[in-house]
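# An overview of the molecular structure
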Amino acid sequence: DAGITQSPRHKVTETGTPVTLRCHQTENHRYMYWYRQDPGHGLRLIHYSYGVKDTDKGEVSDGYSVSRSKTEDFLLTLESATSSQTSVYFCAISRDRTPGELFFGEGSRLTVL
Amino acid sequence: QKEVEQNSGPLSVPEGAIASLNCTYSDRGSQSFFWYRQYSGKSPELIMSIYSNGDKEDGRFTAQLNKASQYVSLLIRDSQPSDSATYLCAVKSGGDDMRFGAGTRLTVKP
């Protein structure tokens with residue numbers, strides 16, 4: 001158990017509203033990631049972080065922003081949600097000594113109506 | 001564009017058989033390769049990592065890597081119904097770029 005919790009686990013919102021998903025880890029790992037998973041596309045990287053206030057864009061970052069003000073928390077924000085952002089969002093961490101081996105949170109299912 | 005390709009399946013095997021899952025990738029600079037298992041409605045979990053050409057065995061699982069041919073495979077021996085899941089191949093290039101395939105759904109029939 002990598003001590004990762006995501007909140008909320010389920011959310012239904014309307015187009016145009018802001019949404020923030022939270023990822024919390026208890027083990028002080030430097031690297032944290034946000035992925036989305038959609039049928040036929042697998043997991044796609046949205047943003048990642050390699051330390052407090054150090055973040056970078058992934059493959060599908062348009063429409064998303066992130067913040068990391070504390071080691072343990074990595075927030076994903078949809079400033080104005082669209083129906084195309086309906087997805088399952090996974091947070092992940094990797095341990096410094098084994099970069100690339102990801103450990104995932106339980107996922108957050110977001111529906112944008 | 002860095003691509004990771006997997007057959008979507010479903011792949012169906014009888015209990016006790018060997019299940020063979022394949023993955024190809026396009027980026028010749030890829031350095032690290034991973035297999036994740038994902039049960040329906042759950043998050044992916046890492047089951048194997050492989051970094052050099054050849055075979056790596058862990059219990060009933062064997063990962064095989066061939067960098068020259070740009071493919072990585074996962075063999076599951078003595079398949080069990082509990083192995084029924086979607087298997088995701090992931091490929092990491094230098095830096096922080098990791099790409100996932102869309103996954104192969106495996107069904108093991110009792």
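This text follows the structure it describes.
Presented here is a report on the structure given in the accompanying data block. (Residues numbered from 1 in each chain as written. Chains lettered and ligands numbered in written order. Predicted model: local features only at pLDDT ≥ 70, side-chain atom pairs only at ≥ 80, totals over all residues. Heavy atoms only, no water.)

## Section: the side chain of Ser87 of chain A
All names here are of chain A. The residue Ser87 is located in strand β9 (residues 87-94) in this model. Since its relative accessible area comes to 5%, Ser87 is described here as buried. The residues touching Ser87, leaving out its near neighbours within four places in the chain, are Arg36, Gln37, Asp38, Ser108, Arg109 and Leu110. (Helix = DSSP H or I, 4+ residues; strand = E, 2+ residues; numbered from the N terminus. Buried < 20%, exposed > 50% of the residue type's maximum accessible area, 1.4 Å probe, protein only. Contact = heavy atoms within 4.5 Å.)

## Remarks on the state of the cysteines
For the structure shown, the criterion picks out 2 disulfides over all chains. Across the disulfide from Cys23 of chain A sits Cys91 of chain A; the S-S distance is 1.9 Å. Classification of the bridge connecting Cys23 of chain A and Cys91 of chain A rests on its S-S torsion, roughly -70 degrees, and on that basis the disulfide is left-handed. With Cys23 of chain A in strand β3 (residues 19-25) and Cys91 of chain A in strand β9, this pair connects stretches of sequence that are 68 residues apart. Relative accessible area serves as the criterion here: at 0%, Cys23 of chain A is assigned to the buried category. Disulfide pairing places Cys23 of chain B opposite Cys89 of chain B at an S-S distance of 2.1 Å. Taking the torsion about the sulfur-sulfur bond, which here is approximately -75 degrees, the covalent link between Cys23 of chain B and Cys89 of chain B counts as left-handed. Residue Cys23 of chain B is found in strand β3 (residues 19-25), and its partner Cys89 of chain B is found in strand β9 (residues 85-92); the two are separated by 66 residues along the sequence. For Cys89 of chain B, a relative accessible area of 0% corresponds to the buried category. (Disulfide = S-S within 2.5 Å.)

## Remarks on the sheet that holds strand β7 (residues 64-70) of chain A
Strands in a sheet are paired, the pairing made by backbone hydrogen bonds, and the direction either parallel or antiparallel. Residue and element names in this part refer to chain A. As summarised here, the arrangement of the 4 strands in space is β1-β3-β8-β7, forming an open sheet in which the pairing is antiparallel. The open sheet has two free edges, formed respectively by β1 (4-7) and β7, since each of these has just one partner strand. Put simply, the sheet's adjacent strands are angled 20 degrees from each other on average, direction ignored. One ladder, built from 6 bridges, connects β3 with strand β8 (residues 73-78); its direction is antiparallel. Pairing of Cys23 across the sheet is with Phe74, part of β8. (Pairing = 2+ DSSP bridges. Axes fitted to C-alpha atoms, helices over the stretch in contact; angles between N-to-C directions.)

## Some words on the interface of chain A and chain B
Every contact between the two is made by 18 residues of chain A and, on the other side, 18 residues of chain B. At the boundary of chain A with chain B, total buried surface from both sides reaches about 1,400 Å², with 56% on carbon and sulfur atoms. At the boundary of chain A with chain B, the tally comes to 1 salt bridge. Inspection of the chain A/chain B interface yields 6 residue pairs in polar contact (both at pLDDT 80 or more). Those elements that place two or more of their residues in the side of chain A that touches chain B are β4 (31-38), β5 (42-51) and β10 (102-104) of chain A. Split by residue class, the side of chain A that touches chain B holds 9 nonpolar, 6 polar and 3 charged. (Buried area = accessible area lost by both parts, 1.4 Å probe. Salt bridge = Lys/Arg side-chain N within 4 Å of Asp/Glu carboxyl O. Polar contact = N/O pair within 3.5 Å; in protein donor to acceptor, adjacent residues only side chain to side chain. Nonpolar A, V, L, I, M, F, W, Y, C, P; charged D, E, K, R; others polar.)

That is the geometry; function is a separate question.
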